[in-house]
Amino acid sequence: MKKQIQPLIWRWHLFAGLILAPFLLIIAITGAIYLFRVDIEEYIYKDYYNIEAESEQLPPSDLAFTALNTVGSGDITRYRPGEDDTRSAEVGITDGDGESLTVFINPYNREVLGIINDSNRPMEILAALHSELMAGTFGDRIIELVACWTIIMLISGLFLWFPKAKEKIKGVFTIRFNKAGRIRRRDLHAVPAFWISGGLLFFLLSGMLWTGFWGTGVQQLTTASGAGYPPSIWVGPAPESETVAEDIADVSWAAEQMPVADSDPSSGFRQVSIDEVIKTADAADTHPSYDIFYPASPEGVFTLSVFPPKAQDEATIHIDQYTGDVIADYRYDNYGPLGKAMALAITIHKGLEFGLLNQIIGVIICLGLIGMVITGVYMWWKRKPKGKSGAPKAKSIFEFKGMLSVLIILGLIFPLVGLSLIILFLLDRLIIRNNEKLRRWLNY
């Protein structure tokens, strides 16, 4: 049976690999660099981040006012106190032109250390390239589709790699460097691919949690299944609100769909100062690397968001802008089993959870993916006949009911894969089969 279906799987594996190759190189290269985001930014902005500790820091409201005056106009949207005595404070401001700026300020003497346009930060540009090819929603869907098809590539590649009973360990788990030509090229592609396949699958699935289609669907299913937000995280009844946390702040994945309770603008109180909010935040015993996001409307709330290195320290806290009371406190310990697994997967994906070891393993997987792409394309180029693709002869998928069932299941799990299969089917029937040159090159 394997001999009968192998040419079909090989054909799909080959063409999918050739189409995905440039996208996978972009994802792997940017991903390898992004694993060191914290280290890179610590170096790039060392003159903005690092200060000398002194006796007493000025009030956050004083620093925020200084930052806004320095920019000239706009609205304060975010405040980040330094996590220790030698770290500057950050003030996020949306200026009069709608640009998002970060002002770094020395909390001991009000010295403005620097101003950055957030859209120009190298790591933000790299993240946009990695996650959406710098093409917005369309790019996000392309990256999601690439990730889905790469999973299919891994499955088909493992099928093609799976050793025959009579084969020895060489060529299966180790590379036969003493062999020349096609055998060594095959080993250089297949053997490393086998060793990194588990880690690569993890990075693909965890990365897809950020995608706007599949990732959002997983979030919604998580919440709808009862694994979402326990009522105990709110002070009072859970709110019935169409506003969710990701609409008002940069929060952890598990909290993005969390409903947001309103502050009461008719309470007769004025908005509390950022000084009071910081006191509330410090009393909440959270990881010190938190950001405070300002309310965007009279009904809005202050949102404390913690993106720490370890998922176990995550927190999303909403604070009434008029009373300063905590009205929601959502932490890792409140997550359901699925939410905890997702949170851990994301911090591992970002290279944070296990420190340097996490980064090293991530880089190995990224380099392995780059090697898989290069050796795969090179192997195809060396063996293909002139003027032809070199793919096995085309066969109808309808001859292989098991394979067809697998594709249908994958299309249901990953809807964009299902959509792409429909498009491929239509292209095959309407264009490829009616073009003699394409039919010859594709070996129909």
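Basis of the calculations
Residues numbered from 1 in each chain as written. Predicted model: local features only at pLDDT ≥ 70, side-chain atom pairs only at ≥ 80, totals over all residues. Heavy atoms only, no water. Core = buried A, V, L, I, M, F, W, Y, C linked by side-chain atoms within 4.5 Å. Buried < 20%, exposed > 50% of the residue type's maximum accessible area, 1.4 Å probe, protein only. Contact = heavy atoms within 4.5 Å. Pairing = 2+ DSSP bridges. Helix = DSSP H or I, 4+ residues; strand = E, 2+ residues; numbered from the N terminus. Axes fitted to C-alpha atoms, helices over the stretch in contact; angles between N-to-C directions. Phe/Tyr/Trp six-rings, centres within 6.5 Å; stacked < 30°, edge-to-face > 60°. Lys NZ or Arg CZ within 6 Å of the ring centre and 35° of its normal.

Enquirer: Just give me the short version of the nonpolar core, but keep the residues and values in it.
Expert: When a protein is soluble and globular, its nonpolar side chains tend to lie buried together. Grouped together as the largest cluster of nonpolar side chains are 63 residues, with contacts concentrated most on Met 258, Tyr 330 and Phe 414. For Met 258, the residues in contact, after removing those within four places along its chain, are Tyr 229, Ile 233, Trp 234, Thr 243, Val 244, Ala 245, Thr 316, His 318, Ala 328 and Tyr 330.

Enquirer: An account of the sheet that holds strand E8 (residues 326-331) is requested, with residue identities and associated values reported.
Expert: Sheet architecture is open: 8 strands sit in the order E4-E3-E2-E1-E5-E6-E7-E8, paired in antiparallel fashion. Whereas interior strands pair on both sides, the edge strands pair on one side only; in this sheet they are strand E4 (112-117) and E8. Taken pair by pair, the neighbouring strands of this sheet meet at an average axis angle of 20°, ignoring direction. Summarising the sheet, strand E7 (residues 315-320) and E8 pair through 5 bridges and their orientation is antiparallel.

Enquirer: For the packing of aromatic side chains, give the residues involved together with the corresponding values.
Expert: Applying the stated criterion across every chain, the model contains 18 aromatic pairs. A ring pair is formed by Trp 161 and Phe 173, whose centres lie 5.8 Å apart and whose planes are at 70°; its orientation type is edge-to-face. With Trp 161 in helix H6 (residues 136-161) and Phe 173 in the loop between H6 and helix H7 (182-208), this pair connects stretches of sequence that are 12 residues apart. Since its relative accessible area comes to 32%, Phe 173 is described here as partly exposed. Over the aromatic face of Tyr 444 sits the side chain of Arg 11, whose NZ or CZ is 5.3 Å from the ring centroid. The ring centre of Tyr 43 lies 4.2 Å from the NZ or CZ of Lys 46, which sits over that ring.

Enquirer: A description of the pairing of E4 should follow, citing residues and the corresponding values.
Expert: Along any regular strand, the residues point their side chains to alternate faces of the sheet. As paired elements, strand E3 (residues 100-105) and E4 share 5 bridges and run antiparallel to each other. Along E4, the bridge assignment pairs Val 103 with Ile 115. Hairpin connection between E3 and E4: a loop of 6 residues separates the two successive antiparallel strands, and Arg 110 in this loop has a positive phi of roughly 70°.

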